[in-house]
Amino acid sequence: MNLPLLMGLTAMITTSPPPPADFNAEAATRFAELALTCVHQEYPNKIAHVLNADTDVRPPRELTPAFYGCYDWHSAVHGHWLLARLARTFPEAAFAPRARAALARSLTPANITAEVAYLSAPGRVSFERPYGLAWLLQLSAELREWDDPQAREWAATLKPLEQAAAQRIREWVPKLTRPIRVGEHDQTAFAFGLILDWARQAKDGAMEQLLMERVETFYGKDQRGPLAYEPSGHDFLSPCIAEADLMRRVLPPARFATWLRGFLPELPSNGSAAWLEPAVVSDPGDPKLAHLDGLNLSRAWMLEGIASALPTSDKRVGSLRAAAKRHREAGLRSVTGAHYEGGHWLGSFAVYLVTGRGLTRTP
């Protein structure tokens, strides 16, 4: 890979276009309510917690006082991202003051100091790596981009945890000898995409270069991704589609078009959506089976991202957008809040999709 050329891609700004016309403050309210209900709901709670002594047996609100709600740490983090995203997008909405109050309650210096101490404790070198750490950096990026005095204060407060999360990634990535291709939290393609977006926003050139080099090593020569084997029964991320969504962040359009032809040769050029069927959830009350609702949402935004990076004349764009539309519709129908197993996290995926987060444009 011509790294100097690719580093020049930092001129492309990861930003967000205005939300679609049919996504207004009223539509945003139901997603905001999902996060407002759970960001400070401590139980039920699933903690990934290494015990070093009896004194480590403590409730979640004491272990991680900023991010203890929403069932687990990473969901709490992207639940806060959802609130920041929607309050920034719809500052006059009725839910915006409550969203700000929730962010202010969580993002205090004392809480973030405790979060850093928790992350740094013995036995936690792999804590929330890479998924939760990537979302933490995405929260930081959202606050950095928000032109608002209170958001700037929150970004400054969060900075020690942001730095600790970024350092954890910097130490890990050079030691990682293979990509992680699963459809759940450990997947590297999705996390690398979020982290790259953060690095470009934060102007962290060293992190960007590190990830660009690893992405080329891990994925640059991949051929014939096994899309027919997807999804696995617990997936909320597509290994193949996420890889393509990552590669569109690092390759120029013409080269990406060529890479994609070799990686997903089954992608049609006739505008059909039938090449990729949305997943069906048999039991939305089962926390693992409900992952497939998230898969539909994440596939939708990834397909849109892939389409956005191809040359406008590429005949595969129609099929990508058609499949994205079907997955968008299926995914958004599932975001009801009827079951906490999905309600504590699906709203974040829906907001990432409908607000176009992660799409790129040239300034």
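About the thresholds
Per chain, residues are indexed from 1 in the order of the written sequence. With the structure being a predicted model, the display of local features is reserved for residues of pLDDT at least 70 and the display and counting of side-chain atom pairs for 80 or more, all residues being used for whole-chain, interface and lining totals. By convention in this description, side-chain values take in all heavy atoms of the structure and omit both hydrogens and water. Numbering goes from the N terminus for both helices and strands, where a helix is a DSSP run of H or I of at least four residues and a strand is a run of E of at least two. What makes two residues a contact is simply this: any of their non-hydrogen atoms within 4.5 Å. Areas reported as accessible are Shrake-Rupley estimates using a 1.4 Å probe. Residue values count occlusion only from the protein chains shown. The positive count covers Lys and Arg only, the negative count covers Asp and Glu only, and His and the chain ends enter neither. Lys charges are placed at NZ, Arg charges at CZ, Asp charges at CG and Glu charges at CD. Cysteine sulfurs are considered disulfide-paired once they come within 2.5 Å of each other. Exposure classes here rest on a 1.4 Å probe applied to the protein chains alone. A residue is buried below 20% of its type maximum, exposed above 50%, and partly exposed in between. Residues grouped as a nonpolar core are buried Ala, Val, Leu, Ile, Met, Phe, Trp, Tyr and Cys residues, joined through side-chain atoms within 4.5 Å.

1. Examining the overall build of the protein
Within the protein one finds 16 helices and two strands. For the protein, the spread of C-alpha atoms along the three principal axes comes to 55 × 40 × 40 Å. Considering only residue pairs separated by 6 or more positions, the protein has 78% of its internal contacts joining residues 24 or more positions apart. When the accessible surface of the protein is totalled, it reaches about 14,900 Å², and 54% of it is carbon and sulfur. Each charge class in the protein can be summarised by its mean position, and for the 39 positive and 39 negative side chains these summaries are 5 Å apart.

2. Remarks on the side chain of asparagine 111
Looking at where asparagine 111 falls in the secondary structure, it is placed in helix 6 (residues 109-120). Beyond its immediate stretch of four places on either side in the chain, asparagine 111 contacts Pro65, Ala66, Arg105 and Ser106.

3. Points about the state of the cysteines
Simply put, the disulfide is a covalent bond whose two ends are the sulfur atoms of two cysteines. Across all of its chains, the model carries one disulfide by this definition. In this model, cysteine 38 is linked to cysteine 70 through a disulfide, with the two sulfur atoms separated by 2.5 Å. The disulfide joining cysteine 38 to cysteine 70 has a torsion of about 75° about its S-S bond and is therefore right-handed. Of this pair, cysteine 38 sits in helix 2 (residues 25-38) while cysteine 70 is found in the loop between helix 3 (60-63) and helix 4 (73-89), placing the two residues 32 residues apart along the sequence. Residue class for cysteine 70 comes out buried when judged on its relative accessible area of 0%.

4. Let's talk about the nonpolar core
One finds Phe31, Phe67 and Leu86 to be the most contacted residues of the largest nonpolar core, which totals 114 residues. Sorting elements by how many residues they give to this core places helix 8 (residues 149-172) first, with 10 residues. Sequence-distant contacts of leucine 86, defined by excluding residues within four places in its chain, comprise Phe23, Ala28, Phe31, Ala32, Phe95 and Val351.

5. Some points on the environment of glutamate 92
Note that glutamate 92 resides in the loop between helix 4 and helix 5 (96-106). The exposure class assigned to glutamate 92 is exposed, which follows from its relative accessible area of 75%. Taking C-alpha positions, glutamate 92 is 8.5 Å from alanine 25, a pair spaced 67 residues apart along the chain.

6. Quick look at unusual backbone geometry
Proline 130 follows arginine 129 through a cis peptide bond whose omega is 5°. Of the consecutive residues glutamate 230 and proline 231, the connecting peptide bond is found in the cis state with omega at -5°. Turning to its location among the elements, proline 231 is positioned in the loop between helix 10 (205-219) and helix 11 (239-247). Even without being glycine, tyrosine 71 reaches a positive phi, approximately 80°. If you trace the backbone, tyrosine 71 turns up in the loop between helix 3 and helix 4. Positioned with a positive phi, lysine 203 is a non-glycine residue whose angle comes to about 60°. Take lysine 203: it is sitting in the loop between helix 9 (188-202) and helix 10. For lysine 203, a relative accessible area of 73% translates into the label exposed.

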